[in-house]
Amino acid sequence: MIRHILTVSAGTLISRVLGFLRDTLIAALLGAGPVADAFLVALQFINVARRALSEGSLNAALVPGYLRLRDNEGVIAATAFAGEVMGSLCLILIGIAVVFTGVMPLVIAVMAPGFVGHDTMQLAVTDARLMMPYFAFVGPTTVMMGVLNAERRFLLTAFSPVLFNLMMIAVILTLLVWRHDPQASATIIAGAVGVAGCFQMAVLIQRRPWRAGLATPLRISFSPRIRAFFRKAVPGMIANSGPQFLIVAGAIIASGAPAAVSWLYFANRLIELPLGMVGVAMGTVLMPEFTHAIQNDDRAALTHAQSRGVELALGLVLPATLGLMLLSQPIVGILFQHGAFTATDTAATAEALSVLALGLPAYVLVKVLAPAFFAREDTRTPLLATLAGIALAVSVGLLVSHTFGVAGIAASISLGAWGCAAILLWRGATTFGFSIDAAARRRLPRIALCAAIMGATLFTSQYFVAPVMETAPFFTRLTILGGMVAAGISFYGLLLDLFNVVSWGEAFGDLRENGTRGK
C-alpha cells in the first residue's frame, strides 16, 4: 500500500510543481488586479468541477461498484458497467456545459457577488464560457482513471494530470514571450483549458484502459443501476471536493475587496502541494484497500490500512504545515513576486498562506477518514460533514472579514476544515468503530514531537538568514530557501529515526522488495 501511495504522491508532486510553475507564470502575466481576479474566479469554477470528478473523487462510487461486479459477476459485467458510467457521465457533463454557458452571468454573480456592477463581471463571464469545452473531456478521463485505480494500476493515473499542466505552461510561456496585454492573455489562456483537457484524454485513450477493454462497450444508459450510481456519486464528489468548496466560499466573501480573490487563490495553490501529495494519494489508494478489506470482512487488514494511512498522512503533513507557516513570506516572494505581482501582493498572500496552513492537517485527515465511509457506500455522512464545514466557514468569514480582511477569511476556511474533520472522526468512531492500532498510538505523539522540534529549529534559523533574504538577488534567495527546506526535511527524517518512528534502512529495503515483486 505504501508503495502505491508513494507512486501517486510522486505523480501528484510533479503535477503540483508544474501547477506552481503555471500559476507563477499567470501571476507574472496578469498580476493581482481585476483581470487576474476575473480569470481566477473562472478558473476556480473549472477547478472545482475537475477535482470533484478527478483526483480520486469518483472513486467514492465507482471503485466499490466496479469491484463488487468484477468479483461477483465477472470482468465483462464490470467493464460494461464502467462503459455505461462513461457514456452517461459524458452526456450529463456536456449538458451541464451548455446550460452553464447560457446562465454564466448568474453563476459568476453567485461565486463573486462583489463583481456585480463592475467590468470584472464581464471579464469573468467571458473567461468561464471559454473554459466550458473542458467539460466534454473530463468525463472520459475521470472514468478511465477511476477504473485503473480500481485495478490498482496507479502509475498512469498518477501522472496523467501532468499532461494538462504541461499544455497550459506552453501556452502561458508563449504569451509571455509575445508580451500580450493582460486581458487578451487571460482570454487566450481560458480558451486553452479545453485544449489541454482534450490532450490529457487523448493520451489516456491511446494507452489504457480503452485498449485493455476496462470501460467497454461505451453506451449511454440511465438504468436503475446507473441511477443508483449517480445517487451515490454526486454526494461523494461534493464531499471529496471540500477543500475546493471552502476556497470558493472564501472567494465569495473576498470578491468585494480588490485583489483579495487573487491573494487567496495563490495562497491556496501553495496549500495544495502537500494536500495533493498526501491527501489525493490517500484518497486514491485507501479507497480500494478499504473496499477489499470490508468486502472480505478482514478487520485486521482494515485497521492496518487505517493506522498506516493516519500515520503516513500526519507524518508528511505536519512538517509541511509548519514550513508553510514559518516560511510563508520568502516562499510567496520567490514563487510569485515577478512582473505584475507586487511586494504588496506578496505580503497579503503570505499572510493568507500562514493562516490557511493551519487547516492543512484537517484537510488530510478528511482524505483519510472519508474513504472509510465511501468503502461502505456511505456518501451521505461525508457530504453532511462537508456542508457543515462550509456553513461554519461562511458564517465565521462574514463575521470577521471586515475586521481582519483576507487573514480573517483564511482563518474561517481553516476552521471549516477542522469542523468537517471533527464530524467525520466522531461519526466514524461511533458508527463503525474507526480506530488505529497500538503501533499508531505509540508513533503519532512522536511524529508530532519531531515536527515541533523541526519547526522550532526552522523558526530559529530565520533570524540568521533574514537580513540576507531581504537584500539578496533572486537566485541567492532561492538557494537559501531551498537549503532551509532541504535541511528541515533531512533533520525531520533524522528525528523520526532517532525517536524510533521509522527505520529508513528497513523502509527502503521493503520498498525495493515490493518493487521487485511487482515487476
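The text that follows walks through the structure, step by step, so that each part is easy to find. (Residues numbered from 1 in each chain as written. Predicted model: local features only at pLDDT ≥ 70, side-chain atom pairs only at ≥ 80, totals over all residues. Heavy atoms only, no water.)

### Regarding the overall build of the chain
Now for step 1: When its secondary structure is counted, the chain shows 20 helices and zero strands.
Now for step 2: Taken over 519 residues, the chain has a buried fraction of 55%.
Now for step 3: Sequence-distant contacts, at least 24 apart, represent 86% of the contacts inside the chain between residues at least 6 apart.
Now for step 4: Entry remark: accessible area of the chain is about 20800 Å², with carbon and sulfur atoms responsible for 68%. (Helix = DSSP H or I, 4+ residues; strand = E, 2+ residues; numbered from the N terminus. Buried < 20%, exposed > 50% of the residue type's maximum accessible area, 1.4 Å probe, protein only. Contact = heavy atoms within 4.5 Å. Areas by Shrake-Rupley, 256 points an atom, 1.4 Å probe, with all protein chains shown as cover.)

### Brief notes about the pattern of salt bridges
Now for step 1: For the structure shown, the criterion picks out nine salt bridges.
Now for step 2: Between D71 and R70 there is a salt bridge, with its nearest N and O atoms 3.4 Å apart.
Now for step 3: Under the relative-accessibility criterion, D71 is labelled partly exposed at 44%.
Now for step 4: When the shortest N-O distance is used, the salt bridge between D437 and R308 registers 3.1 Å. Of the two residues, D437 is situated in the loop between α17 (380–431) and α18 (438–471) and R308 in helix α13 (residues 299–326); the sequence distance between them amounts to 129 residues.
Now for step 5: Counted as one network, the salt bridges with shared partners bring together R22, D23, R269 and E272. (Salt bridge = Lys/Arg side-chain N within 4 Å of Asp/Glu carboxyl O.)

### Points about unusual backbone geometry
Now for step 1: Residues other than glycine seldom take positive phi values, yet N500 does so here, at roughly 60°.
Now for step 2: With respect to the element layout, N500 can be found in the loop between α19 (474–498) and α20 (504–518).
Now for step 3: Taking relative accessible area as the criterion, N500 reaches 60% and is therefore assigned exposed.

### Points about empty space enclosed by the protein
Now for step 1: As enumerated under the stated definition, the model contains eight cavities of 30 Å³ or more in all.
Now for step 2: Within this model, the second largest cavity holds a volume of roughly 110 Å³.
Now for step 3: Along its surface, the second largest cavity is lined by 15 residues, and G242, P243, Y363, V366 and C420 are the ones closest to its centre.
Now for step 4: With seven residues, the single largest contributor to the lining of the second largest cavity is α17.
Now for step 5: Class assignment for the residues of the lining of the second largest cavity results in nine nonpolar, five polar and one charged. (1 Å grid on protein atoms, 1.4 Å probe; cavity = no way out; pocket = protein on both sides within 12 Å on 5 of 7 lines; lining within 4 Å. Points joined across faces, edges and corners; volume = space filled by probe spheres on them. Nonpolar A, V, L, I, M, F, W, Y, C, P; charged D, E, K, R; others polar.)

### Observations concerning the packing of aromatic side chains
Now for step 1: Under the counting rule described, the total for this entry stands at nine aromatic pairs.
Now for step 2: When the ring centre of W426 is taken as reference, the NZ or CZ atom of R427 above it lies at 5.7 Å. (Phe/Tyr/Trp six-rings, centres within 6.5 Å; stacked < 30°, edge-to-face > 60°. Lys NZ or Arg CZ within 6 Å of the ring centre and 35° of its normal.)

### What to know about a nonpolar patch on the surface
Now for step 1: On the surface, L91, I92, I96, I220 and F222 cluster together to form a nonpolar patch covering roughly 410 Å² of accessible area.
Now for step 2: As for its placement among the helices and strands, F222 is situated in the loop between α9 (182–206) and α10 (224–240). (Patch = residues over 30% accessible without salt bridge, like charges linked within 9 Å, V, L, I, M, F, W, Y side chains within 5 Å.)

### Quick notes on helix α5 (residues 104–111)
Now for step 1: All buried positions along α5 are accounted for by M104, V107, I108 and M111. Viewed end-on, α5 has its buried residues packed into an arc of 95°, placing them on one side of the element. Turned more than 90 degrees from where α5 packs its buried face, L106 and V110 sit exposed. (Arc of directions from axis to C-beta.)

### Observations concerning the layout of surface pockets
Now for step 1: One number sums up the size of the second largest pocket: a volume of about 660 Å³.
Now for step 2: Forming the boundary of the second largest pocket are 25 residues, of which V48, A49, A52, F100 and F245 lie nearest the centre.
Now for step 3: Mapped onto the lining of the second largest pocket, the elements with two or more residues apiece are α2 (34–53), α4 (75–102), α5, α10, α11 (242–254) and α17.
Now for step 4: With six residues, α2 is the single largest residue contributor to the lining of the second largest pocket.
Now for step 5: Residue composition of the lining of the second largest pocket, grouped by class: 24 nonpolar, one polar and no charged.

### Points about the packing of α5 against helix α6 (residues 119–131)
When two helices pack together, their arrangement is captured by the angle between the axes and the distance separating the axes.
Now for step 1: Between α5 and α6, the shortest axis-to-axis distance is 9 Å and the interhelical angle comes to 120°. Crossing of α5 against α6: the hand is right-handed. For the pair formed by α5 and α6, the contact residues are M104, P105, I108 and A109 on the first element and M121, A124, V125, A128 and R129 on the second.
Now for step 2: Looking at the contact of α5 with α6 residue by residue, the classes come out as eight nonpolar, no polar and one charged. (Axes fitted to C-alpha atoms, helices over the stretch in contact; angles between N-to-C directions. Left-handed = near helix turned anticlockwise from the far one by under 90°.)

### Description of the environment of D345
Now for step 1: By the element assignment, D345 lies in helix α15 (residues 343–356).
Now for step 2: When the C-alpha positions of D345 and V332 are compared, they lie 9.2 Å apart, and in sequence the two are 13 residues distant.
Now for step 3: In this structure, D345 is in contact with A32, W263 and A340, ignoring residues within four places of it in sequence.
Now for step 4: Within the structure, the side chain of D345 is placed 3.0 Å from the side chain of T342, a separation counted as a polar contact. (Polar contact = N/O pair within 3.5 Å; in protein donor to acceptor, adjacent residues only side chain to side chain.)

### So, the side chain of T321
Now for step 1: Residue placement: T321 occurs in helix α13.
Now for step 2: Setting aside residues no more than four positions away along its own chain, T321 makes contact with A357, L360 and P361.

### What to know about the side chain of S307
Now for step 1: In this fold, S307 is placed in helix α13.
Now for step 2: With sequence-adjacent residues up to four places away left out, S307 is seen in contact with S435, I436, D437 and A440.

By themselves, these figures tell us nothing about what the structure is for.
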